[in-house]
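Spelled out from the first residue to the last, the chains are:
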Amino acid sequence: RPWRRTAWLALLAAVAVRLVTFTVLPLELVIAVATGVTVGAAVLAVFGVPDRRMGPDEIAEALRRAGVQAESVWPTGTAKGARPFAAVTEDGRRLFIKVQGSDQRDADLLYRAYRAVRLRNVGDTRPAASLFQAVEHEALVGVMAERAGVDVPSVDRVIRAGDTALLVMEWVEDITLELLPKEQISDDLLVRLWTEVDRLHRVRIAHRSLRAANVMVTGAGQVRIVDFSFSELAATGRQMDLDVAELLASLATLVGEDRAVTAAVKVLGIAAVAAAVPLLQPLALSAATRRAVK
């Protein structure tokens, strides 16, 4: 990254000199830079880049330095916007670790820029000033949601390890609602889910990615809302209406429109559900929900 910054600064200096001396037209500079970026991206796509991300051993060491005596750490699959790991401590406690590095930060900024260009009045706030502040915000929303009585995984701590941030939470043995067999999705479970959403909205927290993949169901039928990476505190009514629209559409693909709406109305009331109706449109929903609806 330091070399990349140096190269970009040198390039910008060359561009400024060319413009000041009138040796090249601005459009020619734009074309030249765009061509260079495209060729560079193609080279990286073909030959790859060195993987400098933290591995399980480095994560375990970071946990120990932060006071968490981890005996073992291992990856638990893939997740959007972060790298998930699990850990077991010396006292037998199991933890979930959400690891975010510079790559995830760049992807988040690119995604927000894409939404800003494509959509108007989407309700997104400005991104955090740094990766660590973004992780701190996610941890804060999780703590505030738990304080409000929402069933969410407890946040243990946030750890800084170089240019990587670790969000450490309790481990929950569960399955996502998206993967739960449809015959096990009862009306009572749907009502419990909407009750958690109502508690979240009563304290003005908007999840901003409230779909079945971000709802966990334990073996005892307990519902937990996870992944507050895109959430907002002091949310507007429109942002909370977007939550309702997203979850309605996502649930409708699993249990049908009637059951999804009936459970929502039973908890939120007719007015709250009606306010989300204008947002039941493709551009207001996440890409994953749009694919499921299709």
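Cut-offs and rules
- Residues numbered from 1 in each chain as written.
- Predicted model: local features only at pLDDT ≥ 70, side-chain atom pairs only at ≥ 80, totals over all residues.
- Heavy atoms only, no water.
- Helix = DSSP H or I, 4+ residues; strand = E, 2+ residues; numbered from the N terminus.
- Buried < 20%, exposed > 50% of the residue type's maximum accessible area, 1.4 Å probe, protein only.
- Contact = heavy atoms within 4.5 Å.
- Areas by Shrake-Rupley, 256 points an atom, 1.4 Å probe, with all protein chains shown as cover.
- Lys, Arg positive; Asp, Glu negative; His and termini not counted.
- Charge placed at Lys NZ, Arg CZ, Asp CG, Glu CD.
- Pairing = 2+ DSSP bridges.
- Axes fitted to C-alpha atoms, helices over the stretch in contact; angles between N-to-C directions.
- Salt bridge = Lys/Arg side-chain N within 4 Å of Asp/Glu carboxyl O.
- Parallel < 35°, antiparallel > 145°, perpendicular 65-115°, else oblique.
- Left-handed = near helix turned anticlockwise from the far one by under 90°.
- Nonpolar A, V, L, I, M, F, W, Y, C, P; charged D, E, K, R; others polar.
- Expected span 1.5 Å × (residues − 1).
- Arc of directions from axis to C-beta.

Some thoughts on the overall build of the protein
1) Next: Each helix and strand counted, the protein has 10 helices and 8 strands in total.
2) Next: Across its three principal directions, the C-alpha atoms of the protein cover 70 × 50 × 35 Å.
3) Next: Residues classed as buried in the protein amount to 39% of the 294 residues present.
4) Next: Long-range contacts, defined as pairs at least 24 residues apart, comprise 65% of the intrachain contacts of the protein with a sequence gap of at least 6.
5) Next: Looking at the protein as shown, the accessible area adds up to about 16700 Å², and 59% of this sits on carbon and sulfur atoms.
6) Next: Taking the 36 positively charged and 34 negatively charged side chains of the protein as two groups, their mean positions are separated by 6 Å.

With respect to the sheet that holds strand β5 (residues 164-170)
1) Next: The strand order across the open sheet formed by 5 strands is β1-β2-β3-β5-β4, and the pairing between neighbours is antiparallel. Across the chains shown, the open sheet's two edge strands, defined by having one partner strand only, are β1 (70-75) and β4 (155-161). Neighbour to neighbour, the strand axes of the sheet diverge by 25 degrees on average, direction disregarded.
2) Next: Strands in contact with helix α3 (residues 56-65) are β1, β2 (83-89), β3 (94-100), β4 and β5; relative to β1, the strand with the most contacts, it is inclined by about 140 degrees.

Here's the deal with the pattern of salt bridges
1) Next: Taken as a whole, this structure holds 13 salt bridges when the rule is applied.
2) Next: Linking E138 and K98 is a salt bridge whose minimum nitrogen-to-oxygen distance equals 2.6 Å. Of the two residues, E138 sits in helix α5 (residues 131-147) while K98 sits in strand β3, which places them 40 residues apart along the sequence.
3) Next: Accessibility expressed as a relative area gives 5% for E138, which makes it buried.
4) Next: Salt-bridge contacts for D151 lead to R224; the nearest nitrogen and oxygen are separated by 2.9 Å. Here R224 lies in strand β8 (residues 223-225) and D151 lies in the loop between α5 and β4, a separation of 73 residues in the sequence. For the pair D151 and R224, a shared accessibility class is recorded, and that class is buried.
5) Next: What you see here is one network of salt bridges that share partners, running through E61, R64 and R65.

Structural notes on the sheet that holds strand β6 (residues 174-176)
1) Next: Overall, antiparallel pairing links the 3 strands, which are arranged β6-β7-β8 in an open sheet. Two strands lie at the open edges of the sheet, namely β6 and β8, each paired on one side alone. Taken pair by pair, the neighbouring strands of this sheet meet at an average axis angle of 30 degrees, ignoring direction.
2) Next: The sheet contact formed by strand β7 (residues 215-218) and β8 spans 3 bridges and is antiparallel. Counterpart to V215 in the pairing with β8 is I225.
3) Next: Here helix α6 (residues 187-202) sits on the sheet and contacts β7 and β8; the angle it forms with β8, its principal contact strand, is near 35 degrees.

Let's talk about the packing of α6 against helix α8 (residues 257-268)
1) Next: Interhelical geometry of α6 versus α8 gives an angle of 50 degrees and a closest axis separation of 9 Å. With respect to their mutual orientation, α6 and α8 come out oblique. Here the hand of the crossing between α6 and α8 comes out right-handed. Packed against α6, whose contacting residues are D187, L190, V191, W194, T195 and D198, the element α8 presents R259, A260, A263, A264, K266, V267 and L268 at the interface.
2) Next: Counted by class, the contact of α6 with α8 contains 8 nonpolar, 1 polar and 4 charged residues.

Focus: helix α4 (residues 102-118)
1) Next: Its 17 residues give α4 an end-to-end C-alpha distance of 24 Å, which sits within 8% of 24 Å, the value for a rise of 1.5 Å per residue.
2) Next: Where α4 is concerned, the buried positions are S102, Q104, R105, R112 and R115. For α4, the angular spread of buried residues about the axis comes to 165 degrees, placing them on one side. Every exposed residue of α4 that faces more than 90 degrees away from the buried side is listed here: L110 and V117.
3) Next: Where α4 is buried, its residues touch β2, β3 and α5.

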